[in-house]
2 protein chains.
Amino acid sequence: MREVAQRAGVAISSVSRTLSGHPDVSDEMREQVMAAVAELGYKPDLLAQGLRSRASLSIGFVAGDISNPLFAQIARGAEVRLRENEYSMLLTNSLVEPDLDRQNIELLEQRRADGLIVLLVSETHEPTLDALANLTVPLVVVERDLPARIHASKVVSDHAAGVSAAVEHLLELGHRRIAIIGGPDVRPTRQRLESAERVLASHGLDPAALIARNGLFSEEHGAQATAEMLDLAEPPTALIAGSNQIMAGALQVISARGLELGRELSFIGYDDIAVAKVYRPPISVVERDLVAIGEVAAELLLTHVRDHDTAPREVVLPTRYIPRGSCGPAPSR
Amino acid sequence: MREVAQRAGVAISSVSRTLSGHPDVSDEMREQVMAAVAELGYKPDLLAQGLRSRASLSIGFVAGDISNPLFAQIARGAEVRLRENEYSMLLTNSLVEPDLDRQNIELLEQRRADGLIVLLVSETHEPTLDALANLTVPLVVVERDLPARIHASKVVSDHAAGVSAAVEHLLELGHRRIAIIGGPDVRPTRQRLESAERVLASHGLDPAALIARNGLFSEEHGAQATAEMLDLAEPPTALIAGSNQIMAGALQVISARGLELGRELSFIGYDDIAVAKVYRPPISVVERDLVAIGEVAAELLLTHVRDHDTAPREVVLPTRYIPRGSCGPAPSR
């Protein structure tokens, strides 16, 4: 560090502040120091630094299933923002098992992660909630509603806006038997269902007429619920799939039965993944900016990491309904 | 540790060996120790342990683009296997920029990762190759051919098998103008192209007749190359897309032009993602077991981490061609 300070022509304390990511370092100072670091080939031993300062410069990301494109995009947004701020991301995968969320949270705390971003499998698994309530590092919760005893900032989507626009579109097209295939009982599933019911009620229709089937965020659930609904004596004329996996499962059944979307059945998916854009006809979706969710989660968390006294905040990001050819007039009976 | 040893009725050294992941610990010993750890609520401070033993119990994963489902599935396989062995995964994302690969490799080394798994953007970016050659921890390279100076185990796919079967199928269907849209000049792209040419030659056809367009692993390249090829005076009658992003881009153009796959154009994608299964008609693909690639990479790396003297190995995993409705007889002229 002394050599770096001499080469950069600055104080040793300035080198230390720059390398530890202290916020009060001017761009000019940072440039001088980093140029000297590069010239000298100096490699700070970050782990030893972490032990001294109690900062590991790593952030834990607890994801329910990283092979799901939704999580992967959120993780991508978070990782980029963290790296820009000299933090690494420790990624764990809970394989859709609530108790693995708890284990991963505890593991990341033992690894001295400086903070956690969590996208939980369940909102009600008590051991996980206890682990979060006992955390001594800052926490940002993504797309979930947790009890008040958990001190955390939140990044959520305004699912009501997108789903309301979608249901309004279906009503305009004359649909009255509308079905929604939901995931497990977590914030996005509840918000989608509640906003759909609210739109029906606002048009003087019976919210109970909405056909809803909740289950897992999985292709299997999407396929099974779709088959079951299409086999009803009075099948729905429009179907909303409440996740990209549910959409993929639903489309397998729809394709296998040779149903023409937009004519025989109207269909709306969630989120705007490749299959929605290239399906024939293209599929209407409710989308959200997944990378932005990750970026905002990382920014919020770093604010808390730098100052543990910052009050928790809730950031709500928009959703948007994109109408496409998969929605058409309700078939006449 | 003394309390844990007393409670478990074993020596303190046995507790230490169990908690540090030493290979010579019996299952019975591990169970006794972990039960005592659980009963006492003992939280080993893993970072401090790491500093003493020079082991951080973390593995770095350098991925070109974690929002690509291919990388996400490989990362998932690796993370599960690592966690089963008490290791965490530090995930970095190179945003398809070769120099970010280098930066991420150096960062992970500074973080004292016990080993690295890398899925590089480029096989020839010298600063990255230098960083890998200078690594002091074990390395596993996925789906890339690197110079011999880099001491590493490898996990690769036998792309030749899947693509050969695909091209044989197209020839049987009467196709003679076959196009392949490749990615950048890395092992999978080369293997796919070479094996396609070899099959043509083995049938007495001119390998130069293969229409090839290499570019990025991106939707944009897939769309642009597809449009360009379809606009040729003699367009291809069959198209092979050499990655899931290239497939998504190609399908956007095919859908926009209203081309009926299997009749007007035959089409083969790579890998077996959701869109291939639900497209109408379903799309023939060459698939590989991505989760297994991640699992094997993690297993190999842990072998090296536990014994730095283990000789490097190369594991080749199979690919498989799945014919579906997107391939049909060549249209007669």
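It should be noted that the structure appears before, not after, this text.
Residues numbered from 1 in each chain as written. Chains lettered and ligands numbered in written order. Predicted model: local features only at pLDDT ≥ 70, side-chain atom pairs only at ≥ 80, totals over all residues. Heavy atoms only, no water.

Peer 1: How would you summarise the interface of chain B and chain A if you had to cite specific residues and measurements?
Peer 2: Each partner contributes residues to the interface: chain B has 50 residues there, and chain A has 49 residues. The contact between chain B and chain A buries some 4,600 Å² in all, and 58% of this surface belongs to carbon and sulfur atoms. Linking chain B with chain A are 10 residue pairs in polar contact (both at pLDDT 80 or more). Elements with a contribution of two residues or more to the side of chain B that touches chain A: helix 4 (46–53), helix 5 (69–84), strand 2 (88–93), helix 6 (98–110), helix 11 (244–256) and helix 12 (274–278) of chain B. Broken down by element, the side of chain B that touches chain A gets its largest block of residues, seven residues, from helix 5 of chain B. In the side of chain B that touches chain A, the residues fall into 24 nonpolar, 12 polar and 14 charged. Taken together, the three bridges between strand 2 (residues 88–93) of chain A and strand 2 of chain B define a ladder with antiparallel strand orientation. Looking at the pairing, Met89(A) lines up with Leu91(B) of strand 2 of chain B. (Contact = heavy atoms within 4.5 Å. Buried area = accessible area lost by both parts, 1.4 Å probe. Polar contact = N/O pair within 3.5 Å; in protein donor to acceptor, adjacent residues only side chain to side chain. Helix = DSSP H or I, 4+ residues; strand = E, 2+ residues; numbered from the N terminus. Nonpolar A, V, L, I, M, F, W, Y, C, P; charged D, E, K, R; others polar. Pairing = 2+ DSSP bridges.)

Peer 1: Report on the sheet that holds strand 1 (residues 58–63) of chain B, specifying residues and quantitative values.
Peer 2: The strand order across the open sheet formed by 12 strands is 11(A)-5(A)-4(A)-3(A)-1(A)-2(A)-2(B)-1(B)-3(B)-4(B)-5(B)-11(B), and the pairing between neighbours is mixed. Both outer strands of the open sheet, strand 11 (314–317) of chain A together with strand 11 (314–317) of chain B, are each paired with one neighbouring strand and no more. Taken over all neighbouring pairs, the strand axes of this sheet differ in orientation by 20° on average, direction set aside. By the bridge criterion, six bridges tie strand 1 of chain B to strand 2 of chain B in an arrangement that is parallel. Directly across from Val62(B), in strand 2 of chain B, lies its bridge partner Thr92(B). Across the sheet, helix 13 (residues 290–306) of chain B is in contact with strand 1, strand 3 (116–119), strand 4 (139–142), strand 5 (153–157) and strand 11 of chain B; its angle to strand 5 of chain B comes to roughly 170°. (Axes fitted to C-alpha atoms, helices over the stretch in contact; angles between N-to-C directions.)

Peer 1: Give a detailed account of the packing of helix 5 of chain B against helix 13 of chain B, specifying residues and quantitative values.
Peer 2: All names here are of chain B. The N-to-C vectors of helix 5 and helix 13 enclose an angle of 45°; their axes lie 7 Å apart at closest approach. When the axis of helix 5 is compared with that of helix 13, the two are oblique. Considering only the axes of helix 5 and helix 13, their crossing is right-handed. Residues Leu 70, Gln 73, Ile 74, Gly 77, Ala 78, Arg 81 and Leu 82 of helix 5 lie in contact with helix 13, whose contacting residues are Leu 290, Val 291, Ile 293, Gly 294, Glu 295, Ala 298, Glu 299 and Leu 302. Its residues placed into classes, the contact of helix 5 with helix 13 shows nine nonpolar, three polar and three charged. (Parallel < 35°, antiparallel > 145°, perpendicular 65-115°, else oblique. Left-handed = near helix turned anticlockwise from the far one by under 90°.)

Peer 1: Outline the nonpolar core, listing residues and values.
Peer 2: In terms of nonpolar packing, the biggest core is built from 60 residues, with Phe61(A), Phe61(B) and Ile117(B) touching the most fellow members. Not counting chain neighbours up to four residues away, the residues in contact with Phe61(B) comprise Ile74(B), Ala75(B), Ala78(B), Met89(B), Leu90(B), Leu91(B), Thr92(B), Leu108(B) and Ile117(B). The next biggest cluster of nonpolar side chains, apart from the first, holds 54 residues, and it includes Leu261(A), Ala276(A), Val285(A) and Ile322(A). (Core = buried A, V, L, I, M, F, W, Y, C linked by side-chain atoms within 4.5 Å. Buried < 20%, exposed > 50% of the residue type's maximum accessible area, 1.4 Å probe, protein only.)

Peer 1: Account for the pattern of salt bridges, with residues named and values stated.
Peer 2: Following the criterion strictly, the structure yields 44 salt bridges over all chains and no others. Note that Glu264(A) and Arg263(A) form a salt bridge whose closest N and O atoms lie 3.9 Å from each other. Looking at Arg263(A), the relative accessible area reads 52%, which means it is exposed. Across the salt bridge formed by Arg320(B) and Glu287(B), the nearest N and O atoms sit 2.9 Å from each other. A residue pair is termed long-range when its members are at least 10 positions apart, and Arg320(B) in strand 12 (residues 319–322) and Glu287(B) in strand 10 (residues 284–288) qualify at 33 residues. (Salt bridge = Lys/Arg side-chain N within 4 Å of Asp/Glu carboxyl O.)

Peer 1: I'd like a description of the relation of the copies chain B and chain A, backed by residues and values.
Peer 2: Superposition record for chain B on chain A: RMSD 0.2 Å, screw rotation 180°, translation along axis 0.1 Å. A rotation of that kind, with that shift, is consistent with a two-fold axis. The residues that chain B uses at the interface reappear at the interface of chain A in 98% of cases, marking a shared surface. (Least-squares fit on C-alpha atoms with pLDDT ≥ 70 in both.)

Peer 1: Could you give me a rundown of the sheet that holds strand 6 (residues 178–182) of chain B, with the residues and numbers involved?
Peer 2: Residue and element names in this part refer to chain B. Read from one edge to the other, the open sheet built from six strands follows the order 7-6-8-9-10-12, with strand pairing classed as mixed. Looking at the sheet topology across the chains shown, the edges are occupied by strand 7 (211–214) and strand 12. Averaged over all pairs of adjacent strands, the angle between strand axes in this sheet comes to 15°, irrespective of strand direction. In terms of strand pairing, strand 9 (residues 266–270) meets strand 10 through three bridges, oriented parallel.

Peer 1: Quick rundown of the packing of helix 8 (residues 159–172) of chain B against helix 9 (residues 187–202) of chain B? Include the residues and the values.
Peer 2: Residue and element names in this part refer to chain B. Two elements in contact, helix 8 and helix 9, have axes separated by 8 Å at closest approach and are oriented at 40°. It follows that helix 8 is oblique to helix 9 by the angle criterion. The hand of the helix 8/helix 9 crossing is right-handed. For the pair formed by helix 8 and helix 9, the contact residues are His 159, Ala 160, Val 163, Ser 164, Val 167, Glu 168 and Leu 171 on the first element and Arg 187, Pro 188, Gln 191, Arg 192, Ser 195, Ala 196, Arg 198, Val 199 and Leu 200 on the second. Grouping the constituent residues of the contact of helix 8 with helix 9 by class yields eight nonpolar, four polar and four charged.

Peer 1: Please provide a residue-by-residue account of unusual backbone geometry, values included.
Peer 2: Apart from glycine, the bulk of residues carry a negative phi angle, and the bulk of peptide bonds sit in the trans form. Residue and element names in this part refer to chain A. A cis amide bond links Tyr 270 to the next residue, Asp 271, at an omega of 10°. Topologically, Asp 271 is positioned in the loop between strand 9 (266–269) and helix 12 (274–278). Although it is not a glycine, Glu 86 sits at a positive phi angle of roughly 70°. Relative to the elements of secondary structure, Glu 86 occurs in the loop between helix 5 (69–84) and strand 2. Note on Glu 86: relative accessible area 41%, which makes it partly exposed.

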